[in-house]
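Coordinates in review
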Amino acid sequence: MAKVRLKFNEKVLKEIELDGEQVWIGRKPGNQIVIENVAVSAEHARIIQEDGAYYIEDLASTNGTYLNDQRVEKAPLYDQDQVRIGKHLLVYLDETRPRPAGNEGPLPNGQARQRRKAAEGSPRAGAGKIGAVHVVGGKTNRTGYELTRRLTIIGSGEEATIRLTGWFAPKLAAVISRRPDGYSISQSDAGMAVLVNGDPIEGRSELHDGDLLEVAGVKLQFSLKDKVR
């Protein structure tokens, strides 16, 4: 029987057998797989069964669902596939469903890295660079931050990297996501206003070198710099 293994920081939290037509995943109690993390939407994603196969489907989440390091809306699952939701990992286990030869879909982490190294062509926007933000207005715990994590949380909560320190600062104000091709900023589930260069975003916005971000009264200058080798 197919199952998924929920992991956090390489620690296995639980295993769930897939014995129904769909399994809901999210932060809200009532999901079959509850992930209590501010980077996870209330109803983030689901695993569904169609024509004898299982698929992962994103439910218009704020920070996206990643299959083997590639953001997906809906995609089939094969044995050993890895689904990342927030900072948690779901490993799909089904020995009866190996990845077919010649299938060029998202590959597990190690294989994906090898495929990217072998690929030729012009680099994507943001490839080979590290993002950073410098505080130009408002109250935070530091004046600058390197965006080296997959998800950088902006807020006053304990999980926040960019810690807001004002009296009425929200626990989760926004999230900056790092992907192989660049960075983006997303609103929180609460729909708090996020401005990029003075314009409010709707849901998510790609970031470019020099952008000015405004979140919960804090202004941040975004920049890209080359990785130190």
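In case you missed it, the structure is sitting above this.
These figures come from a predicted structure and were not determined experimentally.

The rules we used
- Residues numbered from 1 in each chain as written.
- Predicted model: local features only at pLDDT ≥ 70, side-chain atom pairs only at ≥ 80, totals over all residues.
- Heavy atoms only, no water.
- Salt bridge = Lys/Arg side-chain N within 4 Å of Asp/Glu carboxyl O.
- Buried < 20%, exposed > 50% of the residue type's maximum accessible area, 1.4 Å probe, protein only.
- Phe/Tyr/Trp six-rings, centres within 6.5 Å; stacked < 30°, edge-to-face > 60°.
- Lys NZ or Arg CZ within 6 Å of the ring centre and 35° of its normal.
- Pairing = 2+ DSSP bridges.
- Helix = DSSP H or I, 4+ residues; strand = E, 2+ residues; numbered from the N terminus.
- 1 Å grid on protein atoms, 1.4 Å probe; cavity = no way out; pocket = protein on both sides within 12 Å on 5 of 7 lines; lining within 4 Å.
- Points joined across faces, edges and corners; volume = space filled by probe spheres on them.
- Nonpolar A, V, L, I, M, F, W, Y, C, P; charged D, E, K, R; others polar.

Now for the pattern of salt bridges. Oppositely charged side chains can form a pair if their charged atoms are brought close together. The full count for this structure, using the stated rule, is eleven salt bridges. A salt bridge links R179 to D181, with the nearest nitrogen and oxygen atoms 3.2 Å apart. Owing to a relative accessible area of 31%, D181 belongs among the partly exposed residues under this scheme. What emerges from the salt-bridge pattern is a single network uniting R179, D181, R204 and E206.

On to the packing of aromatic side chains. For the structure on display, the rule yields two aromatic pairs. Positioned over the ring face of Y55 is K74, at 5.6 Å from the centre of the ring.

This brings us to the sheet that holds strand β13 (residues 144-147). One open sheet accounts for six strands, arranged β13-β12-β22-β21-β18-β19; its pairing is antiparallel. Where the open sheet ends on each side, the last strands, each with one partner, are β13 and β19 (199-200). Here strand β18 (residues 194-196) runs beside strand β21 (residues 212-215); their pairing, made up of three bridges, is antiparallel. Residue pairing across strands places L195 opposite E214, the latter belonging to β21.

Applying the stated criterion across every chain, the model contains three cavities of 30 Å³ or more. As a volume, the largest cavity reaches approximately 40 Å³. Together, N63, G64, Y66, R84, G86, R150 and L151 line the largest cavity. Classifying every residue of the lining of the largest cavity gives two nonpolar, three polar and two charged.

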